[in-house]
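# A look at the structure
Given next are the chains, with one letter for each unit.
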Amino acid sequence: MFPSPPTSPSELKAVLEAERAGAAFLVFRDGEGTQRIASLGPGDRFTLGRGSGNEVVLAWDPNASRVHAALERVGGVWTLVDHGLSRNGSWVNGERIAGRRRLLDGDVVRVGDTTLHFRAPDVDAGEATVPDTTGYVPPELTPMQRRVLVALARPAGPPPRPDRRPRTRRSPPSSSCRSTGSRRTSAPSSRSSAWRGSRRTRSASPSCARGSPPAPSPAARSS
């Protein structure tokens, strides 16, 4: 729920005095309904939570974490910071924050079940950022520019593999051909040239090259 306004002259007087001081402050009520004011000056960081070590102690709130959130001043601007320390989260104007959120004068902060009214009377309203009303629209890409960007963004494929032709396996020569070749190389040099020529002719015959048995010798044919 939103913090209730001052209900007595003393509470109103306390709020006016805090505004005249010029520093940012928080207005909230404790578990008994008593108005409390927490000044945020001097200093640049104030923690909020149920633990007694915080600058703003919310000991009566069971839904507030021991260290729930922090108020930090960055460049003269107050922000609410909640980087996941709290279990139930922190809220600004009914919206849950994640990380850091800038606070403006009059924002309502909720921590657990406690609602705090943020006041920053020393902030000049003229310092607010002016929204852009020029209606700037980025230029559209031409079809040629789009094609170039698509080509540049396309992932490079693997390099082309060279055209390799399958290797033809040759059948090994038969055992008879190998034996013929061995006998030819081991033949004594005293043999006649006619004998060597006839042996070379038989060893290089087509039948031996194709792996078939060698042709019979002249002596075998005569027998």
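Residues numbered from 1 in each chain as written. Predicted model: local features only at pLDDT ≥ 70, side-chain atom pairs only at ≥ 80, totals over all residues. Heavy atoms only, no water.

### Considering the overall build of the protein chain
Each helix and strand counted, the protein chain has six helices and 11 strands in total. Buried residues in the protein chain amount to 28% of all 223 residues. As presented, the protein chain carries roughly 16,100 Å² of accessible surface, and 55% of it is formed by carbon and sulfur atoms. (Helix = DSSP H or I, 4+ residues; strand = E, 2+ residues; numbered from the N terminus. Buried < 20%, exposed > 50% of the residue type's maximum accessible area, 1.4 Å probe, protein only. Areas by Shrake-Rupley, 256 points an atom, 1.4 Å probe, with all protein chains shown as cover.)

### Some details on the nonpolar core
In globular proteins that are soluble, nonpolar side chains generally tend to be buried together. Of all hydrophobic cores here, the largest spans 22 residues; its most connected members are Leu26, Leu40, Val56, Leu71, Leu80, Leu116 and Phe118. Apart from residues lying up to four places away in sequence, Val56 is in contact with Leu26, Phe28, Ala38, Thr47, Leu48, Gly49 and Leu116. (Core = buried A, V, L, I, M, F, W, Y, C linked by side-chain atoms within 4.5 Å. Contact = heavy atoms within 4.5 Å.)

### Quick notes on the pattern of salt bridges
Side chains that differ in charge, positive against negative, can pair when their charged atoms come close. Under the counting rule described, the total for this entry stands at eight salt bridges. A salt bridge links Asp30 to Arg36, with the nearest nitrogen and oxygen atoms 3.2 Å apart. Across the pair Asp105 and Arg119 runs a salt bridge, and its minimum N-O distance is 2.8 Å. Of this pair, Asp105 sits in the loop between β9 (99–102) and β10 (108–111) while Arg119 sits in strand β11 (residues 114–119); the two residues are 14 residues apart in sequence, bridging distant segments of the chain. Through salt bridges that share partners, Glu19, Asp105 and Arg119 make up one connected network. (Salt bridge = Lys/Arg side-chain N within 4 Å of Asp/Glu carboxyl O.)

### Here we look at the packing of aromatic side chains
Under the defined criterion, the tally for this structure stands at two aromatic pairs. When the centroid spacing of 6.2 Å and the interplanar angle of 20° are considered together, the rings of Phe28 and Trp60 count as stacked. Placement of the pair is Phe28 in strand β1 (residues 25–29) and Trp60 in the loop between β4 (56–57) and β5 (69–74), with a sequence separation of 32 residues. With a centroid separation of 5.9 Å and an interplanar angle of 45°, the aromatic rings of Phe46 and Trp78 are classed as tilted. Of this pair, Phe46 sits in strand β3 (residues 45–49) while Trp78 sits in strand β6 (residues 77–82), placing them 32 residues apart in sequence. For the pair Phe46 and Trp78, one class covers both residues: buried. (Phe/Tyr/Trp six-rings, centres within 6.5 Å; stacked < 30°, edge-to-face > 60°.)

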